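Below are the chains, spelled out letter by letter.
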Amino acid sequence: PMLSRGHGRVINVASVAAYTPRSTYGAVKRWVVEFSRWANAAYSPSGVTVTAVCPGFTHTNFHERMGLAPGREGVADWLWLDAEVVVEQSLRDAARGRAVSIPSLKWKLITAVARLLLTRRMEDFRAGARLALLPSLGSMIALICMFSDRVPLAVLLGWALFLLRELSPRAR
C-alpha cells in the first residue's frame, strides 16, 4: 500500500549494540541497520523511507521485566535516555528520510568511536597485527560505560583516541 500511494515511513527498532558487536543481539541489530539502509536506498525514490532507530539505554520497563529494579541495572545514570526524547528524535530523523537514527549526541559520539576502533581493529587483523588479538576496544569502551558512573564521556573519548594512536601499527 505505501508504494502504491507513493509515500510512507517504516521504522525498524535496532540498537547501538549494532556498533559494538559482542553477541548475537548485536549481530541481529546490525542486520536491522544494514537492511534498513538498503531498503531506504531502494524505496525512498518511490516516496517510502525506512529508518533504523538505534537508541542507547532507554528508560522503559524492558529491564524491569528482566528482574532488574530501576537504578539497579548496572548502567551509569548519564547513559540513560528518556523514551519521549528517543521517540521525538527518531520520528524527526524518519521525517527527514534518514536511514539510521541514533538519538542523542552522547550515543552518536559513543557509536562513532566504537565504529572507528572496530574498523581499525579489523584492518589490523587483516594485516596480521598483534593488536587484533586484543579484545575489541569498542567493546572495552562499552563495558566501561555500562559499569562505571565515575567515567565522564570526555575521559572515555580521550582514552579511546590515545589507545587508537598508541596501539596502531601505523603509529610506530
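Before reading on, note that the structure itself is shown above.
This text gives an overview of the structure that appears in the document. Just so it is clear, the structure is predicted and the values come from calculations on it, not from any experiment. The residue numbering used here restarts from 1 in each chain and proceeds along that chain's sequence as written. Local features in this predicted model are restricted to residues whose pLDDT is 70 or higher, and side-chain atom pairs enter the listing and the counts only when it is 80 or higher, whereas totals over whole chains, interfaces and linings include all residues. With hydrogens and water excluded, all non-hydrogen atoms of the structure serve as input to the side-chain values.

**Observations regarding the pairing of strand β2 (residues 48-53)**
Note on strand geometry: in a regular strand, side chains alternate between the two faces of the sheet. The criterion, for reference: Type-normalised accessible area, obtained with a 1.4 Å probe on protein chains alone, sets the label of each residue: buried when under 20%, exposed when over 50%, and partly exposed for intermediate values. Elements are defined by DSSP. Helices are runs of H or I of four residues or more, strands are runs of E of two residues or more, and each kind is numbered from the N terminus. Pairing between strands is defined by DSSP: at least two bridges between the two strands are required.
Most of β2 is tucked away, with six of its six residues classed as buried. Both faces of β2 are covered, namely the face carrying V48, V50 and A52 and the face carrying T49, T51 and V53. Pairing geometry for strand β1 (residues 8-13) and β2, over six bridges, is parallel. The residue bridging R9 from the neighbouring strand is T49, located in β2.

**Looking at the nonpolar core**
The condition that has to hold: Only buried Ala, Val, Leu, Ile, Met, Phe, Trp, Tyr and Cys residues count toward a nonpolar core, and they belong to the same one when joined by side-chain atoms within 4.5 Å. The contact rule is simple, with two residues in contact once any of their heavy atoms fall within 4.5 Å.
Of all hydrophobic cores here, the largest spans 21 residues; its most connected members are Y19, V33, C54, L79, V100, I102 and W107. If we skip the residues at most four places from it in the chain, V33 touches A14, A18, Y19, A52, C54 and V100.

**Describing helix α2 (residues 24-43)**
Selection criterion: Expected span of a helix, by definition, is 1.5 Å for each gap between consecutive residues, and there is one gap fewer than residues. The directions from the helix axis to the C-beta atoms form the arc being described.
Taking 1.5 Å per residue, 20 residues should reach 28 Å; α2 reaches 28 Å between its end C-alpha atoms and fits that length. Taken together, the buried positions of α2 are occupied by G26, K29, V32, V33, S36, A39 and N40. Angular distribution of buried residues about the axis of α2 spans 155°; they occupy a single face of the element. Within α2, the exposed residues directed more than 90 degrees away from the buried face are T24, W31 and A41. Where α2 is buried, its residues touch β1, β2 and β5 (100-101).

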